[in-house]
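If you want the building blocks of each chain, they are given just below.
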Amino acid sequence: MPDGQFQSESGQDARTRIKPSNYTILVPLKNDRKLAYNTVSQAFAVWDKADGQLWDDLDKAGDLPFGAAYRTFVQGGFVVNAAEDEFRTVRRNYDRARHNDGHMMMTIAPTLSCNFGCHYCFQGLDKPLTKMTPKVREATKDYLLQHLRGRRSFHLTWYGGEPLMDQEAIWDISAAAIKYCDDNGIKYTSMMISNGYKMSVPVAEKLKKARVGKVQITIDGDEEMHDSRRHLTSGRGTFQRILDNIKAVTERGLLKVSIRVNIDGQNEDQARALLDILERNKLGIRNGVSVYFAPVESVAEAADGCTSCLPKTDYADLENRLHLLAFEKGLIGMPKVPRHLGLCTAVKPNSYVVVPNGDLHKCWDTVMDPKLRVGSVFGGTRKSDGRTEAMWNAWSPFENEVCSNCQLVPACAGACAFKFVHNDYASGETGKLPCPSLKFNMAEQLFLRAKTRGFVSDDDWDQKNSPTVKGDGMLTGNRHTLASVGAVHDALQDMPS
Ligand code: SF4
Ligand code: SF4
């Protein structure tokens, strides 16, 4: 009897029926080949003409009895049982991850002060100088230990300002949390967002002891470009010192470093030059140094506007070029499609950001505005706290039509809840719109992945049909517009108290 077939007692043919998965994305290539990727199973394949024909037959029919020819399609999740409600499954998987109480994430900003005066910083130049007082530190530790009870894993991110401006708080709070986790069998992991200037070898040794596995450091191009954007508050350059620090700490295997390169319409050449410099300095994934690119977006009101921010499609194009170069230089592995990109502290009910005065926030981008807090490590709550938190909790990518119908939702999960919940705080089109670069360069990312594995070559790319963004629409479907995110934002604001 063929695969999946059995005879029911009534004698009727009861073969399982299959249908194409809504989450299969196909990139047409030359010579009737296709790249196939499924955002639920994360399976990836290159199909030839015969595979494409099988897919077309199924697509045309809507559903068909399962047969051996479709076995690899089923294994890859490219087709699914016709009776399956895929949307429900995808939503259930997301809700399970979001409400997984066994895992807690916290971000702690021990200080909002910073030794840099970056021109696009969301904090502006007028940064507060406060650090956590001993009283706040104690209350933060108490809060953590109380909320770690019963968890299986815990991830702590150090954030700022520049977190290394208040190192005592890091050593003190880490030690308490690590001890509690070790004593109670809770898996502890940690990372830090730092400007890298103070990350000397002795500091990195202490960070290692504090189990900080990775530090994310921003470098915005070659020395001249970086120093013009990311200088000390005194105006002095920071590039060489950061590079020296990265070399010294990774040579000693103390930390992994992820270099974030902020990209706008003015620094492609300098970003390329930075990749050359990193390569010349023998830095790369083999010794724990990787790069990733992010668009400069004007988010908070304090930022210095953004006259050079790139439109999303232009950024996605540029990102493709930079990914390829970074891959060739050993600075990124295979470009990976994420899982639940938007699952951050903002949307996980048990996860928070702690700021220097002990206020609790949900999101990294609200820390400068005390009105947007949702509580305090000291316990007292204001009426507005509950209301603000309720908005974060009510938001879900599955509550708006655009994300719900997006083939990327298993990967993207709405990308960034801030852009919906506090859309009024974001400024400019790029800052307000949530769809990440993947929405605009999925085909190119998949192609690069296939190319790096040797499955395709540049000759397979069909410039008319392969790109994600074509004249008649996008391979990945509709994206959010100012009107669609604005409607979600307004509905959240109008929620009854
Ligand atoms: S909501 Fe957006 S900005 Fe806020 S922490 Fe999450 S990803 Fe970051
Ligand atoms: S519509 Fe945009 S934000 Fe929503 S899931 Fe798709 S790519 Fe992400």
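For every chain, the first residue of the written sequence is number 1, and numbering continues from 1 along that sequence. Ligands are numbered from 1 and chains lettered from A, in the order in which they are written. Since the coordinates come from a predicted model, pLDDT governs what is reported: local features require at least 70, and pairs of side-chain atoms require 80 or more to be given and counted, while whole-chain, interface and lining totals use all residues.

### Here's the deal with the overall build of the chain
The line we're drawing: Only runs of H or I of at least four residues qualify as helices and only runs of E of at least two qualify as strands under DSSP, and these elements are numbered from the N terminus. Two things to know: the radius of gyration comes from C-alpha atoms, and the globule rule equals 2.2 Å times the number of residues to the power 0.38. Whether a residue is buried, exposed or partly exposed follows from its count of other C-beta atoms within 10 Å of its own C-beta, namely 20 or more, 12 or fewer, or something in between, respectively; the C-beta atoms are built from the backbone. What counts as a contact here is a pair of residues whose C-beta atoms, placed from the backbone, lie within 7 Å.
When you go through the chain residue by residue, the secondary structure sums to 17 helices and 17 strands. Against the compact-globule benchmark of 23 Å for 497 residues, the chain has a radius of gyration of 24 Å, which places it among compact chains. Projecting the C-alpha coordinates of the chain onto the three principal axes gives extents of approximately 75 × 50 × 45 Å. In the chain, buried positions account for 44% of the 497 residues. Within the chain, contacts between residues separated by at least 24 positions form 73% of all contacts whose residues are at least 6 apart in sequence.

### Points about helix 8 (residues 239-251)
Because each turn of an α-helix spans 3.6 residues, side chains separated by three or four positions in sequence point in the same direction. We count it as follows: Every helix has an expected span of 1.5 Å times one less than the residues it contains. It is the directions from the helix axis to the C-beta atoms that the arc portrays.
In a regular helix each residue adds 1.5 Å, so 13 residues correspond to 18 Å; helix 8 covers 18 Å between its end C-alpha atoms and thus fits that length. Of all the positions in helix 8, only Phe239, Ile242, Leu243, Asn245, Ile246, Val249 and Thr250 are classed as buried. Mapping the buried residues of helix 8 onto a view down its axis gives an arc of 160°, with all of them on the same face. Looking at the buried residues of helix 8, the elements they touch are helix 6 (201-209), strand 10 (212-218), helix 7 (223-229), strand 11 (256-263) and strand 12 (289-295).

### Focus: the packing of helix 9 (residues 268-280) against helix 10 (residues 312-328)
Under the convention used in this document: Helix axes are fitted to C-alpha atoms over the stretch in contact, other axes to C-alpha atoms as well, and angles between N-to-C directions run from 0 to 180 degrees. Note on angle classes: values under 35 degrees are labelled roughly parallel, values over 145 roughly antiparallel, values of 65 to 115 roughly perpendicular, and the remainder oblique. Two helices crossing with the near one rotated counterclockwise from the far one by less than a right angle form a left-handed crossing, whereas a clockwise rotation gives a right-handed crossing. Just so you know the grouping, Ala, Val, Leu, Ile, Met, Phe, Trp, Tyr, Cys and Pro go in nonpolar, Asp, Glu, Lys and Arg go in charged, and all remaining residues, Gly too, go in polar.
It is at 10 Å that the axes of helix 9 and helix 10 come closest, and there the two elements cross at 15°. Relative to helix 10, the element helix 9 is oriented roughly parallel. Of the two elements, helix 9 crosses helix 10, and the hand of that crossing is right-handed. Together, Glu268, Ala271, Arg272 and Leu275 of helix 9 and Leu318, Leu322, Leu325 and Ala326 of helix 10 make up the contact between the two elements. Here the contact of helix 9 with helix 10 is built from residues that sort into six nonpolar, no polar and two charged.

### Details of the site of ligand 2
What counts is decided by this rule: Each residue gets a C-beta atom placed from its backbone. If that atom is within 6 Å of a molecule or strand, the residue is near it.
Ligand 2 sits among 14 residues. The nearest are Cys403, Cys406, Cys412, Cys435 and Lys439. Contributions of two or more residues to the shell around ligand 2 are made by helix 12 (401-404) and helix 13 (409-412). Here the shell around ligand 2 is built from residues that sort into 10 nonpolar, two polar and two charged.

### Regarding the sheet that holds strand 2 (residues 24-28)
Note the following rule: Note: two strands are recorded as paired if DSSP finds a minimum of 2 bridges between them.
On the basis of which strands lie adjacent, the open sheet formed by three strands has the order 2-3-4 and antiparallel pairing. Sheet topology places strand 2 and strand 4 (44-47) at the edges, where each strand pairs with a single neighbour. Taking each pair of neighbouring strands and ignoring which way they run, the sheet shows an average axis angle of 20°. Where strand 2 and strand 3 (residues 34-38) come together, five bridges link them in antiparallel fashion. Each residue of the ladder has a partner; that of Pro28, found in strand 3, is Lys34.

### Topic: the pairing of strand 7 (residues 103-108)
Note that strand 7 and strand 8 (residues 153-158) share six bridges and pair parallel. Paired with Met105 across the strands is His155, a residue of strand 8. Note that strand 7 and strand 13 (residues 352-354) share three bridges and pair parallel. In the strand pairing of strand 13, Ile108 is matched with Val354.

### Here's the deal with the sheet that holds strand 1 (residues 17-20)
Sheet architecture is open: three strands sit in the order 5-1-6, paired in antiparallel fashion. Looking at the sheet topology across the chains shown, the edges are occupied by strand 5 (64-65) and strand 6 (79-81). Contacts between helix 1 (residues 49-61) and the sheet are confined to strand 1, strand 5 and strand 6, with strand 1 contributing the most and set at about 100° to the helix.

### A few points about helix 9
Helix length check: helix 9, at 13 residues, gives a terminal C-alpha distance of 19 Å against a target of 18 Å (1.5 Å per residue), a fit within 8%. For helix 9, the complete set of buried residues consists of Gln270, Ala271, Leu274, Leu275 and Leu278. In a view along the axis of helix 9, the buried residues occupy a sector of 150°, so they form one face of it. Facing away from the buried side of helix 9 by over 90 degrees, the exposed positions are Asp269, Asp276 and Arg280. Where helix 9 is buried, its residues meet helix 7, strand 11, strand 12 and helix 10. Two residues or fewer after helix 9 comes Lys282, characterised by a positive phi angle close to 60°.

### Structural notes on the confidence of the model for the chain
Applied cut-off: Each residue carries a pLDDT value, the predictor's own confidence for that position, ranging from 0 to 100.
When pLDDT is averaged along the chain, the result is 91; 93% of the residues meet or exceed 70. Confidence drops under a pLDDT of 50 for residues 300-304, and excluding neighbours within four residues, the segment shows 16 contacts in the predicted structure.

### Some details on the nonpolar core
For clarity, the cut-off: As used throughout, a nonpolar core is a set of buried Ala, Val, Leu, Ile, Met, Phe, Trp, Tyr and Cys residues joined through C-beta atoms within 7 Å of each other.
If you look at the biggest cluster of nonpolar residues, it comprises 127 residues, and the most contacted ones within it are Val354 and Ala417. Considering each element in turn, this core owes the most residues, seven residues, to helix 16 (residues 437-452). If sequence neighbours within four positions are ignored, Ala417 has contacts with Gly342, Ala346, Val347, Trp392 and Trp395.

### Concerning the environment of Gln75
With respect to the helices and strands, the residue Gln75 is situated in helix 2 (residues 71-75). Spatially, the C-alpha atoms of Gln75 and Ser41 are 9.2 Å apart, while their sequence positions differ by 34 residues.

### Considerations on the environment of Thr381
If you trace the backbone, Thr381 turns up in the loop between strand 15 (375-376) and helix 11 (383-394). For the pair formed by Thr381 and Asn400, sequence separation is 19 residues and the distance between their alpha carbons is 30 Å. Setting aside anything within four residues of it in sequence, one finds Thr381 in contact with Gly375 and Gly386.

### Observations concerning the packing of helix 4 (residues 134-148) against helix 5 (residues 167-183)
Two elements in contact, helix 4 and helix 5, have axes whose closest approach is 10 Å; the angle formed by their N-to-C orientations is 20°. When the interaxial angle is binned, helix 4 and helix 5 end up roughly parallel. Crossing handedness for the pair helix 4 and helix 5: right-handed. Counted together, Arg137, Thr140, Lys141, Leu144, Leu145 and Leu148 of helix 4 and Ala169, Asp172, Ile173, Ala176, Ala177, Tyr180 and Cys181 of helix 5 form the full contact between these two elements.

### A word on unusual backbone geometry
Glycine aside, residues mostly have negative phi angles, and peptide bonds mostly take the trans form. Residue Gly160 is joined to Gly161 through a cis peptide bond whose omega torsion reads 20°. In this fold, Gly161 is placed in the loop between strand 8 and helix 5. At Arg211, a residue that is not glycine, the phi angle is positive and equals roughly 55°. For Arg211, the location among the structural elements is in the loop between helix 6 and strand 10.

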